[in-house]
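This is what each chain is made of:
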Amino acid sequence: MFGAGGGTSSYREVEDTDLIVLWGSNARETHPIFFHHVLKGVRKGARLYAVDPRRTSSAEWADTWLGLDVGSDIALANAMAREIIAAGLENREFIERATVDFEAYKAKVESYTLDYAERETGVPAEAIRELAHAFATAPRAMICWTLGITEHHNAVDNVLALISLVLLTGHVGRYGSGVNPLRGQNNVQGGGDMGALPDLLPGFQHVENDELRARFDAEWGVPVPPRRGWHLSGMFDAMERGDLTAVYCIGENPVQSEADQARAIRLLEGLDFLVAQDLFLTKTAALADVVLPATAAWAESEGTVTNSERRVQRVRKAVEPPPGARDDLAIIFELANRMSAGWGEPDPEAVWDEVRRLSPVHAGMSYARLDELGGIQWPCYDETHPGELFLHSRLWEDPLPGNRVPFVPVDHDPPVDKLTDDFPIRLTTGRRLDSYNTGVQTAGYTSPLRRGESLDISPEDAAAYGLDDGETVRVISRRGQVEAPIRIDPSLRPGLTFMTMHFQDDVAVNILTIDATDPKSGTAEFKATAIRIEKLEEAVPV
């Protein structure tokens with residue numbers, strides 16, 4: 001956030017804050033370890049607000065649930081901002097000290113009245129007013145979000161709307177206040193930190209900055225291309241244009257994780273060359289020309305991971321990998337050596353020390369200190385630095401060092417896949433506690449919680465369609481159709497259904513979802529598909 005790609009706050013701050021907003025995040029099921037910290041905060045007296053189209057298991061713990069319509073987050077955030085300003089609850093001291101463009105933001109949100117927001121979001125105006133006043137007046141408050149905010153065609157604008165709320169109220173740069181994107185697995189944060197982004201080098205250093213890039217040129221002995229690359233959605237667009245003809249896919253299963261699955265398969269099959277490096281023989285690996293079997297990084301490798309609170313921790317090999325599988329680092333080194341790069345033997349600590357030389361925010365994190373301290377949060381600038389518990393404390397310094405933070409006005413933009421008479425039902429997707437993503441890491445193992453895929457539907461819609469619990473129906477979108485059993489779920493409102501991506505071999509949900517992507521992040525709009533539901537014809541006895 002604010003130029004650093006990580007959450008501002010630590011887990012322990014969630015336990016000590018006064019107000020928590022889970023916005024588009026069913027943390028109890030999708031981030032259960034983090035939710036334990038949330039519950040500690042609630043038990044200490046923190047108020048919890050859940051902003052989510054579904055009345056999730058997280059919302060059951062909330063003081064108030066704001067059940068907004070899918071894709072109306074900006075309308076809600078802007079209406080909260082307008083109410084805060086109208087009530088004179090904005091933090092004027094912080095705004096004048098640390099921000100710019102407040103007047104433009106104020107002008108933008110002026111039209112987002114509570115009545116307008118109620119019409120657009122489905123949330124009662126009084127509930128919006130309550131959250132606005134509670135958030136603005138809380139001594140400490142934080143907003144936490146996940147894919148409910150980012151899996152939209154306007155994902156970045158959604159995030160900017162939430163960031164503007166904390167700028168408006170001064171809930172950033174202080175202990176117990178901040179904005180936090182919760183990461184979906186144990187090293188998503190670490191992947192971004194290490195430069196697995198199309199425009200950034202390790203440590204969030206922009207590849208198009210000549211001065212920053214020169215340090216990498218000198219360390220690596222080769223010139224780094226001076227232009228940003230493609231994000232994942234951009235790669236598929238490039239495949240379609242014929243500009244990308246070979247792909248090296250590491251630990252990713254785009255055949256079953258990309259929106260509009262039929263398009264993803266067609267483009268991957270059309271490549272000249274596809275390499276898949278993975279722990280499992282995924283559906284993507286099954287299409288590959290070459291498969292490189294990798295190890296389970298959490299038990300069969302040495303290295304580091306970084307979690308949602310920016311904490312870098314050691315990973316140690318516990319067991320030897322099975323015959324034929326090799327550590328990711330060893331595979332990459334072997335490929336480099338066969339290409340005459342002369343990298344020698346892989347040494348995880350030596351690689352990490354290279355990161356420390358090139359990334360100032362990791363400079364103080366030696367293996368010895370990581371072991372001694374049980375992990376360190378970046379930024380950690382030298383070996384006397386303890387790591388930052390929370391980010392952006394400079395915003396409260398006087399005079400302010402560095403740049404002011406801009407308000408970025410954004411407008412409500414409804415989902416691309418419109419609801420019509422032909423497609424009158426909204427399908428949103430997500431995770432369940434027992435499974436993970438496309439099921440590669442979980443579907444092969446039993447769980448007493450697992451019940452397979454279903455189309456979760458409200459009792460009202462089940463009655464309107466004449467459907468019984470467990471009955472198999474045909475689910476149709478503008479891109480394709482699948483068959484799935486229904487599950488009547490009282491947490492859903494009429495017109496809203498829910499499915500996961502966990503059982504793609506049984507129900508290929510991504511055939512339904514739309515490949516409408518955010519131009520800034522490349523994220524597809526998995527959360528907002530228009531569907532219709534059809535009863536299957538009963539079999540006629542022969």
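I will try to describe carefully the structure that is included in this document. (Residues numbered from 1 in each chain as written. Predicted model: local features only at pLDDT ≥ 70, side-chain atom pairs only at ≥ 80, totals over all residues. Heavy atoms only, no water.)

## Overview of the overall build of the chain
Stated formally: The secondary structure listing takes helices from DSSP runs of H or I that are at least 4 residues long and strands from runs of E that are at least 2 residues long, numbered from the N terminus. Values of the radius of gyration come from C-alpha atoms, whereas the globule rule sets the reference at 2.2 Å times the count of residues to the power 0.38. Summary of the burial criterion: residues with accessible area below 20% of their type's maximum are buried, those above 50% are exposed, and those between are partly exposed, where the area comes from a 1.4 Å probe applied to protein chains only. In this tally, Asp and Glu contribute negative charge and Lys and Arg positive charge; neither His nor the terminal groups of the chain are included. Every charge is mapped to an atom, namely NZ of Lys, CZ of Arg, CG of Asp or CD of Glu.
The helix and strand tally for the chain stands at 21 helices and 21 strands. Whereas a compact globule of 542 residues would reach a radius of gyration of roughly 24 Å, the chain reaches 24 Å, a difference of no more than 12%. Dimensions of the chain, computed from the C-alpha atoms along their principal axes, are close to 75 × 65 × 45 Å. Taking all 542 residues of the chain together, the buried fraction comes to 53%. Between the averaged position of the 53 positive side-chain charges in the chain and that of its 83 negative side-chain charges there is a distance of 3 Å.

## With respect to unusual backbone geometry
Cis peptide bonds are those with omega within 30 degrees of zero, and the linkage from Trp 378 to Pro 379 qualifies with 0°. You can see Pro 379 is positioned in the loop between β14 (376-377) and β15 (405-406). Even without being a glycine, Ser 340 presents a positive backbone phi close to 70°. Here Ser 340 is to be found in the loop between α18 (328-338) and α19 (348-358).

## So, helix α13 (residues 232-241)
Basically, it comes down to this: Any pair of residues with heavy atoms lying within 4.5 Å of one another is described as a contacting pair.
Every buried residue of α13 is listed here: Ser 233, Gly 234, Phe 236, Ala 238 and Met 239. Considering only its buried residues, α13 is in contact with β9 (246-250), α14 (254-257) and α15 (261-269). Where α13 terminates, the next one or two residues include Gly 242, which has phi positive at roughly 85°.

## Observations concerning the nonpolar core
As a reminder, the rule being used: Among the buried residues, those of types Ala, Val, Leu, Ile, Met, Phe, Trp, Tyr and Cys that are joined through side-chain atoms within 4.5 Å form a nonpolar core.
Counting residues in hydrophobic clusters, the biggest one holds 55 residues, and the most contacted among them are Val 21, Trp 23, Phe 135, Ile 143, Leu 165 and Leu 168. When near neighbours in sequence (up to four residues on either side) are disregarded, Trp 23 contacts Val 51, Asp 73, Leu 76, Ala 77, Met 80, Ile 143, Cys 144, Trp 145, Thr 146, Ile 149, Leu 162 and Leu 165. Among the nonpolar cores identified, the runner-up in size contains 21 residues, and Ala 259, Ile 425, Ala 524 and Ile 531 belong to it.

## Examining the side chain of Arg 310
To keep it simple, the criterion reads: We call two N or O atoms a polar contact when they sit within 3.5 Å, provided that within protein one can donate a hydrogen and the other can accept it, with sequence-adjacent residues counted only if both atoms are side-chain atoms.
Take Arg 310: it is sitting in the loop between β12 (303-306) and β13 (311-315). Here Leu 389 takes part through its backbone oxygen, which lies 3.1 Å from a polar atom of the side chain of Arg 310.

## What to know about the pairing of β12
Our working rule: Between any two strands, at least two bridges found by DSSP are needed for them to pair.
The sheet contact formed by β12 and β13 spans four bridges and is antiparallel. In the sheet register, Gly 303 faces β13, and the bridge partner there is Val 315. Linkage of β12 to β13, two consecutive antiparallel strands, is achieved through a turn of four residues, within which Arg 310 is found at a positive phi near 70°.

## Notes on the sheet that holds strand β11 (residues 290-293)
Spelled out, the test is: Note on geometry: axes are lines fitted to C-alpha atoms, helical ones only across the stretch in contact, with angles between N-to-C directions running from 0 to 180 degrees.
In space, the three strands of this open sheet follow the order β9-β10-β11, with parallel pairing throughout. Either end of the sheet is taken by a strand with one partner, and the two such strands are β9 and β11. Each strand of the sheet is rotated relative to its neighbour by a mean of 10°, with strand direction disregarded. As paired strands, strand β10 (residues 273-278) and β11 are joined by four bridges and run parallel to one another.

## Focus on the sheet that holds β12
Pairing in this open sheet of three strands is antiparallel, and the strands run β12-β13-β14 from one edge to the other. The open sheet is flanked by β12 and β14, the only strands paired with a single partner. With two bridges joining them, β13 and β14 adopt antiparallel strand pairing. Bridge pairing in β14 links Arg 311 to Gln 377.

## A word on the packing of aromatic side chains
Applicable threshold: The criterion for an aromatic pair is that two Phe, Tyr or Trp rings (for Trp, the six-membered ring) have centres within 6.5 Å, with stacked assigned to planes under 30 degrees apart, edge-to-face to planes over 60 apart and tilted to the rest. Charge over a ring is defined by NZ of Lys or CZ of Arg lying within 6 Å of the ring centre and within 35 degrees of the ring normal.
According to the stated counting rule, one finds nine aromatic pairs in the structure shown. Note on Phe 94 and Trp 396: the rings are 4.9 Å apart at their centroids and 40° apart in plane angle, and the pair reads as tilted. Taken as a pair, Phe 94 in helix α5 (residues 92-98) and Trp 396 in the loop between β14 and β15 lie far apart in primary sequence, 302 residues in all. We classify Phe 94 as buried; its relative accessible area is 0%. Judged by relative accessible area, Trp 396 falls into the partly exposed class, the value being 23%. Between Phe 333 and Trp 343 the ring centres are 5.1 Å apart and the planes differ by 70°, which places this aromatic pair in the edge-to-face class. Taken as a pair, Phe 333 in helix α18 and Trp 343 in the loop between α18 and α19 lie far apart in primary sequence, ten residues in all. Put simply, the rings of Phe 102, Tyr 105 and Phe 407 touch in pairs and so form one group of aromatic residues. Here the guanidinium or amino end of Arg 54 rests over the ring plane of Phe 498, the centre of that ring lying 3.7 Å away. A cation over a ring is seen here: Arg 314 above Tyr 367, with NZ or CZ 4.0 Å from the ring centre.

## Let's talk about empty space enclosed by the protein
This is how it is decided: A cavity here means a set of 1 Å grid points, computed over protein atoms only, where a 1.4 Å probe fits but cannot escape. A pocket is an open set with protein on both sides within 12 Å along at least 5 of 7 lines, and lining residues have an atom within 4 Å of a point. Grid points are joined across faces, edges and corners, and a volume is the space filled by probe spheres set on the points. Put simply, Ala, Val, Leu, Ile, Met, Phe, Trp, Tyr, Cys and Pro go in the nonpolar bin, Asp, Glu, Lys and Arg in the charged bin, and everything else, Gly too, in the polar bin.
Following the criterion strictly, the structure yields one cavity of 30 Å³ or more and no others. Taken as a whole, the largest cavity encloses approximately 40 Å³ of empty space. Forming the walls of the largest cavity are Ser 9, Ser 10, Tyr 11, Val 14, Phe 34, Asn 180, Leu 182 and Ser 308. Its residues assigned to classes, the lining of the largest cavity shows four nonpolar, four polar and no charged.

## Points about a nonpolar patch on the surface
Convention followed: Each patch is built from residues lacking any salt bridge and having more than 30% relative accessible area; the joining distance is 9 Å for like charges and 5 Å for nonpolar side chains (Val, Leu, Ile, Met, Phe, Trp, Tyr). Accessibility throughout is a Shrake-Rupley quantity obtained with a 1.4 Å probe, and a residue counts as covered only by protein chains that appear here. What counts as a salt bridge is simple: a side-chain nitrogen of Lys or Arg found within 4 Å of a carboxyl oxygen of Asp or Glu.
On the surface, a cluster of nonpolar side chains totalling about 590 Å² of accessible area is made up of Tyr 248, Ile 250, Ile 332, Leu 335, Met 339 and Trp 343. Of all the secondary-structure elements, those providing two or more residues to the nonpolar patch are β9 and α18. Counting through the fold element by element, Leu 335 comes out in helix α18. Judged by relative accessible area, which is 31%, Leu 335 ranks as partly exposed.

## Here we look at the packing of helix α7 (residues 114-121) against helix α8 (residues 125-137)
Each pair of packed helices gets described by two things: the angle between the helix axes and the distance between those axes. Applied cut-off: Orientation is classified from the angle alone, with under 35 degrees giving roughly parallel, over 145 giving roughly antiparallel, 65 to 115 giving roughly perpendicular, and any other angle giving oblique. In this scheme the crossing of two helices becomes right-handed for a clockwise turn of the near helix relative to the far one and left-handed for an anticlockwise turn of less than a right angle.
Relative to each other, α7 and α8 sit at 115°, their axes nearing to 8 Å. As far as their axial angle goes, α8 and α7 are roughly perpendicular. Crossing hand, α7 versus α8: right-handed. From α7, Leu 114, Ala 117, Glu 118 and Thr 121 reach across to α8, where they touch Ala 125, Ile 128 and Arg 129. Partitioned by chemical class, the residues of the contact of α7 with α8 number four nonpolar, one polar and two charged.

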